[in-house]
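Breakdown of the fold
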Amino acid sequence: MKEEQIRSTAPETDPYIARLDEFAGEIVSRKKHQFGYPAAQKSRLVDFYKWFIGSGLNLSMADNAGDPFAQHEGILNSLDFEREVIETFGPLYGFDLSNLWGIVTFSGTDGNNHGIYFGARYLENSTGSRPVMYVSDAAHYSGRRLADLQNLELKLIPSDVHGCMIPEELDKAIRPERPALVVYAMGTTFKGGVDDQEALNRVLAKYPDMPVYRHIDAALFGGYLPYTEYRDVLNRKIQPYDSIAISGHKYFGMDDPAGIFLTTKEVLDRQKSFEVSYLNANMPMVNCTRSAISPLKFWWILKHTSRAEFEKMTGEMLNNARWLKERMDEMEYPAWLEPMSNTVYFKRPPQAVFEKYGLAPDYDERLGGDLAHIVVMQHVTRERLRTFLDDLTSACAR
Ligand SMILES: *Cc1c(COP(=O)(O)O)cnc(C)c1O
């Protein structure tokens, strides 16, 4: 633990500070080797905190209860900033500003909760019939959890060896007499597979009388894909979908769980909203209070990062992922990398390497059993990857 990394401003007489410093020191010293989970350990909020501490906001309780797109009263909120964040993101995913609604969420899961809830309400209110939900078995578990929570009939569709939903399996599972709520995984959690929307949409098109709602879970990849040559896969003008959830603490470098949820006005208009007199507001969203700070942090990051900078950091991430895969190929170490992905997955390494780098485990019989992966985020630099490869080489030689 490096001394200079800990600069506590609390009084030295506070007996609890030592324990907190020890805890913080542990995180600070280990974060650079955290390769297994998709958090960007490179803060984009250093100057935000300088502003925040001096602003007086740090001594206030502000919260966002209400619809950022509705007329809102009261000032102890950041709803205007929340709306600006949504309006900055919307066009990146092909939403027209005239037909855009959304919120800053608590997380990717919270965004999926809204997508699944809004989708179910939309379909039920348009058709009078409960939808069946379809999601692949490689998608993030939150889809399954939320189907359970929302009491939706779920069809878990098998995925191929790349982590993508198999179109023929979707076809087999379809119940054409009921509306379909389809969750596409754009960047599955372990393998970084991207569901092939075109192929899956062709399957859905075989049932022209079946109403369909498409929600995209793009928690990690949704952050960076708009800054790549693959941007069209998340452009709803090219690949039509109804809502999308993206995490804020993954690609964007927020330091607290957060995300965004985007949808259209048509979807919003088919929700059961509640007029809440004491809030003087119409409440279509699931949560009452949301963070007032997350929208400010998001806003800060968006205002202080140019498109060129996002493109550059994304290019570096994807190049580093390809570089890692090539080096592992040279070592003849079994490793895979899907197109569009920053996640290299490989045969599970010896335990010491697994632990040092905070790797995430998985299992796939088709690929020889135990696996691990590295999510090449902004802090996973080539230099650190070189050290990882050296560690891997010596651990395997033992
Ligand atoms: C991380 C992730 C989630 C969950 O997001 P949280 O912000 O952790 O709730 C959902 N889906 C995918 C594809 C993810 O990568």
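The rules behind these values
Residues numbered from 1 in each chain as written. Predicted model: local features only at pLDDT ≥ 70, side-chain atom pairs only at ≥ 80, totals over all residues. Heavy atoms only, no water. Pairing = 2+ DSSP bridges. Helix = DSSP H or I, 4+ residues; strand = E, 2+ residues; numbered from the N terminus. Axes fitted to C-alpha atoms, helices over the stretch in contact; angles between N-to-C directions. Contact = heavy atoms within 4.5 Å. UniProt positions renumbered as here; feature names shortened; annotations may be inferred. Buried < 20%, exposed > 50% of the residue type's maximum accessible area, 1.4 Å probe, protein only. Polar contact = N/O pair within 3.5 Å; in protein donor to acceptor, adjacent residues only side chain to side chain. Near = heavy atom within 4 Å. 1 Å grid on protein atoms, 1.4 Å probe; cavity = no way out; pocket = protein on both sides within 12 Å on 5 of 7 lines; lining within 4 Å. Sits in = over half its atoms within 2 Å of the grid points. Nonpolar A, V, L, I, M, F, W, Y, C, P; charged D, E, K, R; others polar.

What follows covers the sheet that holds strand 15 (residues 369–375). Ordered in space as 12-13-15-14, the 4 strands form an open sheet in which the pairing is antiparallel. Among the strands making up the open sheet, the edge pair consists of strand 12 (335–337) and strand 14 (360–364). The sheet shows a mean angle of 30° between the axes of neighbouring strands, direction not considered. Relative to strand 13 (residues 343–347), strand 12 runs antiparallel, the two sharing 3 bridges. Within the sheet, the bridge partner assigned to Trp-336 lies in strand 13 and is Tyr-345. Helix 11 (residues 307–330) rests against strand 12, strand 13 and strand 15 of the sheet, and its axis sits at about 155° to strand 12.

Feature annotation in UniProt assigns "modified residue: N6-(pyridoxal phosphate)lysine" (unreviewed entry) to the following positions: Lys-250. By the element assignment, Lys-250 lies in the loop between strand 7 (243–247) and strand 8 (259–263). We classify Lys-250 as buried; its relative accessible area is 17%. Excluding anything up to four places from it in sequence, Lys-250 contacts Pro-38, Ala-39, Ala-40, Ala-219, Leu-220 and Met-377.

Right, let's get into the pairing of strand 8. Counting buried positions along strand 8 gives 5 out of 5 residues, so the element sits mostly inside the fold. Alternating positions in strand 8 separate into two faces, Gly-259, Phe-261 and Thr-263 on one and Ile-260 and Leu-262 on the other, with burial throughout. Bridge count for strand 2 (residues 101–105) against strand 8 is 5 bridges, and the pairing is antiparallel. Bridge assignment links Thr-105 to a residue of strand 8, and that residue is Gly-259.

Next up on the list: the side chain of Thr-105. In this fold, Thr-105 is placed in strand 2. Within the structure, Thr-105 has its side chain in polar contact with the backbone oxygen of Ser-107 (distance 3.0 Å). Excluding anything up to four places from it in sequence, Thr-105 contacts Asp-110, Gly-111, Ala-258, Gly-259, Ile-260 and Phe-261.

Another aspect to go through is the site of the ligand. Around the ligand, the surrounding shell consists of Ser-107, Gly-108, Thr-109, Asn-112, His-140, Gly-187, Thr-189, Asp-217, Ala-219, Ser-247, His-249 and Lys-250. The contact in question runs from an oxygen atom of the ligand to an N or O atom on the side chain of Thr-109, over 2.6 Å. A molecule is said to occupy a pocket when more than half its atoms come within 2 Å of that pocket's grid points, and by this definition the ligand occupies the second largest pocket. Partitioned by chemical class, the residues of the shell around the ligand number 1 nonpolar, 9 polar and 2 charged.

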